[in-house]
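# A structural walkthrough
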Amino acid sequence: MKSPENRLLHPNDLLWVHGSLHQPMQQVMYPILLIVHSAFRWLVLVSLCYGTYLGIIGWGRKTSFTKSANFVRHTTATIAHIQLVIGYTLYFNSPTIAYFRSHYKEASQQFDLLFFGLIHIILMTLAVICVTIGSAASKRKELDRSKFKTMTIWFSLALILIFIAIPWPFSPLANRPYFRAFH
């Protein structure tokens, strides 16, 4: 008979057993970061949608790439990077991900675990890379119309990836509530 430490655990069985969440501070910080990450996605989405909208308008109307447009470009990239850091912190401290990594063969058969173990982090990383490329490339363009065009294309691509990778309540991939709450 296997000892309780050696039995195969399901992520729902895990509280703070696997991974690095043994210290009381981490036990407090993990759920808080999860809530912050869940809420911060709305800021990412709003800033990306607004940046894309601004890019479409500027590109189509051939307007000047003003200081405020540049501020939106820069702020959108900053918000996306902050969200990515929060996401990576959660990923590398998640009991679900610890389970996924230590039981990859069995866990990868459960799509919810596969989604959070690989798909979500890969797509979100690619989305932030798109935001970064779009922000940096548009900053370096000479013509205002090119700045708006570059920002629009890259931010739109990032939005598509993010919309796929968010675990919406209605998503067939994996679902979570629109807002996480304290338990």
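Below: a short report on this structure. (Residues numbered from 1 in each chain as written. Predicted model: local features only at pLDDT ≥ 70, side-chain atom pairs only at ≥ 80, totals over all residues. Heavy atoms only, no water.)

### Details of helix α3 (residues 95-102)
Every buried residue of α3 is accounted for by Pro 95, Ile 97, Ala 98, Tyr 99 and Phe 100. The distance from a side-chain oxygen at the start of α3 to the backbone nitrogen of Thr 96 is 3.1 Å, and the residue carrying that oxygen is Ser 94. (Buried < 20%, exposed > 50% of the residue type's maximum accessible area, 1.4 Å probe, protein only. Helix = DSSP H or I, 4+ residues; strand = E, 2+ residues; numbered from the N terminus. Polar contact = N/O pair within 3.5 Å; in protein donor to acceptor, adjacent residues only side chain to side chain.)

### Here's the deal with the nonpolar core
Within the largest apolar cluster, 28 residues are counted, with the highest numbers of intra-cluster contacts made by Leu 48, Val 131 and Ile 162. At the level of elements, α1 (24-61), α2 (67-91), α5 (111-140) and α6 (144-165) are the ones that each hand at least two residues to this core. Take this core: its biggest share by element is eight residues, from α6. Once residues within four sequence positions are removed from consideration, Val 131 is found in contact with Leu 48, Thr 76, Ala 77, Ala 80, Phe 155 and Ala 158. (Core = buried A, V, L, I, M, F, W, Y, C linked by side-chain atoms within 4.5 Å. Contact = heavy atoms within 4.5 Å.)

### Brief notes about the packing of aromatic side chains
Throughout the structure, instances matching the rule amount to nine aromatic pairs. On the basis of an interplanar angle of 25 degrees and a centroid distance of 6.0 Å, the ring pair of Phe 163 and Trp 168 is categorised as stacked. Three or more aromatic residues link up through ring pairs in this structure, and these residues are Trp 42, Phe 163, Trp 168 and Phe 170. (Phe/Tyr/Trp six-rings, centres within 6.5 Å; stacked < 30°, edge-to-face > 60°.)

### Regarding a nonpolar patch on the surface
A cluster of nonpolar residues, Val 28, Met 29, Ile 32 and Val 36, forms a patch on the protein surface that exposes about 280 Å² of accessible area. Along the chain, Val 36 falls in helix α1. (Patch = residues over 30% accessible without salt bridge, like charges linked within 9 Å, V, L, I, M, F, W, Y side chains within 5 Å. Areas by Shrake-Rupley, 256 points an atom, 1.4 Å probe, with all protein chains shown as cover. Salt bridge = Lys/Arg side-chain N within 4 Å of Asp/Glu carboxyl O.)

### Considering a positive patch on the surface
A contiguous patch of positive charge, built from Lys 62, Lys 141, Arg 145 and Lys 149, is present on the exposed surface. Following the sequence through the fold, Arg 145 ends up in helix α6. (Lys, Arg positive; Asp, Glu negative; His and termini not counted. Charge placed at Lys NZ, Arg CZ, Asp CG, Glu CD.)

### Side note on the environment of Leu 45
Looking at where Leu 45 falls in the secondary structure, it is placed in helix α1. In sequence terms Leu 45 and Ala 80 are 35 residues apart; their C-alpha atoms lie 9.0 Å from each other. In contact with Leu 45, not counting residues within four places along its chain, are Leu 159, Ile 162, Phe 163, Ile 166 and Trp 168.

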